[in-house]
Amino acid sequence: MSYLISLFEQHSYLILFAGIFLELMALPISGELLMSYAGYFVYQGKMNYLLALLTVFFSGGAGITVTYWIGRAGGYKLIEKYGKYIHLGPERYKKTAAWFERSGSKLLIFAYFIPGVRHFTGYISGISRMSFQKFIIPAYTGSFLWGFCFITLGKVLGPQWKAFHHAASKYFVMFIIVLAILLAVFLVYRFYKDQIKRFFVRILKRLMACLKTIRATEIFLICLTLVLIGMVSLMLGLAQDYLANDFTEFNEVTIYIVNSVVYQPWMKGFFIFQSIYIFGLITAITILRIWRKGRNRALEYLLLLITISGAKAFHNSITQALSFLESFGFVGKFHSENFPDLNAVIIITIYGVCFFLLVRHSNRGLTPVFAALFALFILIGLAVANIASTNLLPSDIVGGYVYGTVWIFFNFLLFEMLRLVLERD
């Protein structure tokens, strides 16, 4: 591979074409690495972006077409006799064929993004006697998307493409899996639309019958409990990644993309939303709103006071727990002293509890939705501005948001249960 990379300086398009073609013939060449390197050359101005995309499209299409006709002509006997030379023995063929049979021709588009599968989809398509008309459109579409993703990746990341290649490849695979699931859902809905509608109508009728016997407050408590369980699970997962020092790739990729693609100078204006004056203003508005509504004033004032004043104590208990766990086999590894970020915990606590109390008794159905979207916009903007303008790590901010969310939902659940008890008494 190092020899091929060195040839890129003189024969960029030829090496790119040959590398992609040979990889799809199942030779041990990393097409993703070559395409990312080509994207880096596009960033430097040494290659043309459109020509690089066309090169991958034609080489990928040619490679998978040749393997299709080889599979069509030779069949399974060819795999038995020569498969070992291209790492496609009978066992590996059977596994890939089983996946291919379950997925169908539509998922040929995504096969390029799955290592160990894209090399053999052409052979298996031919062996299974899939018609060429059915094969060519998804195969060539996948070739173009594969090239577009990794050449664009190299172009966007620029000189940092080597450091981020592994992480970005992993994220692309996750992205493609999500797309495949969405495509599968769409196809199922398209062919079984009437049956699905009848099924959900029956479920909805049963659900409505059950809900009629449950009070709205109890339904709300169930929803709060489910959200809290999900956030606690995420919190524990982040703690595990922090102690295992698994945030390095995430931080590097996020910092580079924020600085090179997302952040704009006007986004410094988001810092106003973490000033003490805005915190005081939104808290005062919440206090006036609670007083005006006149429902459970004492209880809601208590929720506001305990949630905001207890955020720092909750943060300190988390950091102490993490420090305690670090003493059991985690000493010597780099750990950010700011995880989870206290400022992020306070930000999401104040905005979370205030927005909750402001919309708690709203009579307008869309008000909670718009309030949640506005709060999300502020949180994302603050995260981007802090990453670009301060030394905070993205993992510290994410940790602060997640741990702060756990804290406020714990208080929401506790106070809603207390409210229910008081109403019954």
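Residues numbered from 1 in each chain as written. Predicted model: local features only at pLDDT ≥ 70, side-chain atom pairs only at ≥ 80, totals over all residues. Heavy atoms only, no water.

## Some remarks on the overall build of the protein chain
Turning to step 1, where the next piece is worked out: Helix and strand content of the protein chain: 18 helices and 0 strands.
Turning to step 2, where the next piece is worked out: Across the 425 residues in the protein chain, those meeting the buried criterion constitute 43%.
Turning to step 3, where the next piece is worked out: Pairs at least 24 residues apart make up 82% of the contacts formed inside the protein chain by residues separated by at least 6 positions.
Turning to step 4, where the next piece is worked out: Summed over all atoms, the accessible surface of the protein chain reaches about 23400 Å², with 68% contributed by carbon and sulfur. (Helix = DSSP H or I, 4+ residues; strand = E, 2+ residues; numbered from the N terminus. Buried < 20%, exposed > 50% of the residue type's maximum accessible area, 1.4 Å probe, protein only. Contact = heavy atoms within 4.5 Å. Areas by Shrake-Rupley, 256 points an atom, 1.4 Å probe, with all protein chains shown as cover.)

## Some details on the environment of Leu34
Turning to step 1, where the next piece is worked out: Take Leu34: it is sitting in helix α3 (residues 31-44).
Turning to step 2, where the next piece is worked out: Along the sequence, Leu34 and Gly154 sit 120 residues apart, while their C-alpha atoms lie 9.6 Å from each other.

## Some details on the layout of surface pockets
Any empty space left between atoms is shown by rolling a water-sized probe over those atoms.
Turning to step 1, where the next piece is worked out: Of the voids in this model, the largest pocket is the one considered here, and its volume is about 690 Å³.
Turning to step 2, where the next piece is worked out: The wall of the largest pocket is formed by 32 residues, among which Ile348, Ala372, Ala375, Leu376 and Leu379 lie closest to the centre.
Turning to step 3, where the next piece is worked out: At the level of elements, α11 (216-243), α12 (248-262), α16 (342-359), α17 (367-389) and α18 (394-424) are the ones that each hand at least two residues to the lining of the largest pocket.
Turning to step 4, where the next piece is worked out: If you tally residues by element for the lining of the largest pocket, the top one is α17, at 10 residues. (1 Å grid on protein atoms, 1.4 Å probe; cavity = no way out; pocket = protein on both sides within 12 Å on 5 of 7 lines; lining within 4 Å. Points joined across faces, edges and corners; volume = space filled by probe spheres on them.)

## Quick notes on unusual backbone geometry
Turning to step 1, where the next piece is worked out: Look at the link from Phe339 to Pro340: it is a cis peptide, with omega at -15 degrees.
Turning to step 2, where the next piece is worked out: Counting through the fold element by element, Pro340 comes out in the loop between α15 (311-326) and α16.

## Observations concerning the packing of aromatic side chains
Turning to step 1, where the next piece is worked out: A complete count under the given rule lists 18 aromatic pairs for this structure.
Turning to step 2, where the next piece is worked out: Centroid distance Phe339 to Tyr403: 5.9 Å. Interplanar angle 80 degrees. Geometry classified as edge-to-face. Taken as a pair, Phe339 in the loop between α15 and α16 and Tyr403 in helix α18 lie far apart in primary sequence, 64 residues in all.
Turning to step 3, where the next piece is worked out: Tyr403 sits in the buried class, given a relative accessible area of 3%. (Phe/Tyr/Trp six-rings, centres within 6.5 Å; stacked < 30°, edge-to-face > 60°.)

Everything listed here is a matter of geometry and, on its own, says nothing about what the molecule does.
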